[in-house]
Each structure stands twice: as structure tokens, then as C-alpha cells.
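Structural description and commentary
Chain by chain, the residues:
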Amino acid sequence: MVRVRLKRTGTRNASCFRVVVMDQRSSRDGKAIEELGFYDPRKKEEKINVERANYWKGVGAEFSDTVEAILNRAKEGRNLKDIVKKPSISKKAKAKLEAEAAAKAEAEAAAKAAAEAPAEEAAPAEA
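Let us look at the structure shown here. Because the structure is a prediction, the values reported are computed rather than measured.

**Some details on the packing of aromatic side chains**
On inspection of all chains with the given rule, the structure shows two aromatic pairs. Look at F17 and Y39: their rings are 6.1 Å apart centre to centre, the planes differ by 25 degrees, and that puts the pair in the stacked class. Within this pair, whereas F17 is found in strand β2 (residues 14-23), its partner Y39 is found in strand β3 (residues 34-40), the two being separated by 22 residues in sequence. The class for F17 is buried, based on a relative accessible area of 18%. For the pair Y55 and W56, a centre-to-centre distance of 5.4 Å together with 75 degrees between the ring planes defines the contact as edge-to-face. Overall, W56 belongs to the buried group, its relative accessible area being 11%. The ring of F63 carries K57 above its face, with NZ or CZ at 4.9 Å from the centroid.

**Here's the deal with the sheet that holds strand β4 (residues 45-48)**
Spatial ordering of the open sheet is given by β4-β3-β2-β1-β5, a layout of five strands whose pairing is mixed. Edge positions in the sheet fall to β4 and β5 (62-63), since each of these pairs with one other strand and no more. As paired strands, strand β1 (residues 2-11) and β2 are joined by ten bridges and run antiparallel to one another. When the bridges of β2 are listed, L6 appears paired with V19.

**A look at the nonpolar core**
Formed by 16 residues in total, the largest nonpolar core has its most connected members in V4, V19, L36, I48 and V67. Those elements that provide at least two residues to this core are β1, β2, β3, α1 (50-59) and α2 (65-76).

**Topic: the pattern of salt bridges**
Taken as a whole and judged by the stated rule, the model has eight salt bridges. With a closest N to O distance of 2.8 Å, E68 and K57 form a salt bridge. Taken together, the residues span a long stretch of sequence, with E68 in helix α2 and K57 in helix α1 at a distance of eleven residues. For E68, a relative accessible area of 24% gives the class partly exposed. Given a relative accessible area of 34%, K57 falls into the partly exposed group.

Conventions we followed
Residues numbered from 1 in each chain as written. Predicted model: local features only at pLDDT ≥ 70, side-chain atom pairs only at ≥ 80, totals over all residues. Heavy atoms only, no water. Phe/Tyr/Trp six-rings, centres within 6.5 Å; stacked < 30°, edge-to-face > 60°. Helix = DSSP H or I, 4+ residues; strand = E, 2+ residues; numbered from the N terminus. Buried < 20%, exposed > 50% of the residue type's maximum accessible area, 1.4 Å probe, protein only. Lys NZ or Arg CZ within 6 Å of the ring centre and 35° of its normal. Pairing = 2+ DSSP bridges. Core = buried A, V, L, I, M, F, W, Y, C linked by side-chain atoms within 4.5 Å. Salt bridge = Lys/Arg side-chain N within 4 Å of Asp/Glu carboxyl O.

Put into C-alpha cells, the structure is as follows:
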């Protein structure tokens, strides 16, 4: 069975990957049948030959999940750099933001109530 998967290159702690077509029984960094592109997660760069990937898909090759995602982004014309992830927030920072939002909402409600109260008091005095 033929698989389209990633082959690790680069040095320790600076990994880079090639998108390759390999026999699924071969080792991760073994000899590839064909190289289709590359994927660098550190620089958020990726490139894949969509035409050849479609050929291998038509022949019946299986794709790894990561390669499938890279191929889908390439078909849509998006880059990995375009995808912006929300930064993770610590529990303390999240609680602080929620407290600020609650205080702001409470202040707005108080201001709205204060604005409505004089209007109600002035209306009966006129009549």
C-alpha cells in the first residue's frame, strides 16, 4: 500500500518535513517513491504539487491527516501563515477579563437606570 506522508528532515529542535510518496512499510526517513513538496512548521511555510497529489489520490494512495490538511489548504489557495490562532489565556487572565466585562456591564446598567430615573420623576411633576 502506498501512502503520502511526511518525511522528517532538519536538525534536532529545528525539524522540517518533506511531503513524500512511500510504501507504508518503509521507515519514516527511508527512500521515497516521489517527493511532492515540503512543510516547515517553524516558519509556517508549506508547498505541495497539487497536480501530482491528485494523481496519487486517483491511483489509490492513502494520505496522512497532516498531508491531507496541507493539500486542502493548497487547493483553497490559503497559507498556513494566514491561519491565525487565538492566543491561549491563563486562568488568572481569563478571570480578570471576565471581571472587567462584568463590571463594565454593571456600570452601563447603573448609568442606564440613572438616566431613566430623572425622566420618570420629571414626568409626574409636569402633570
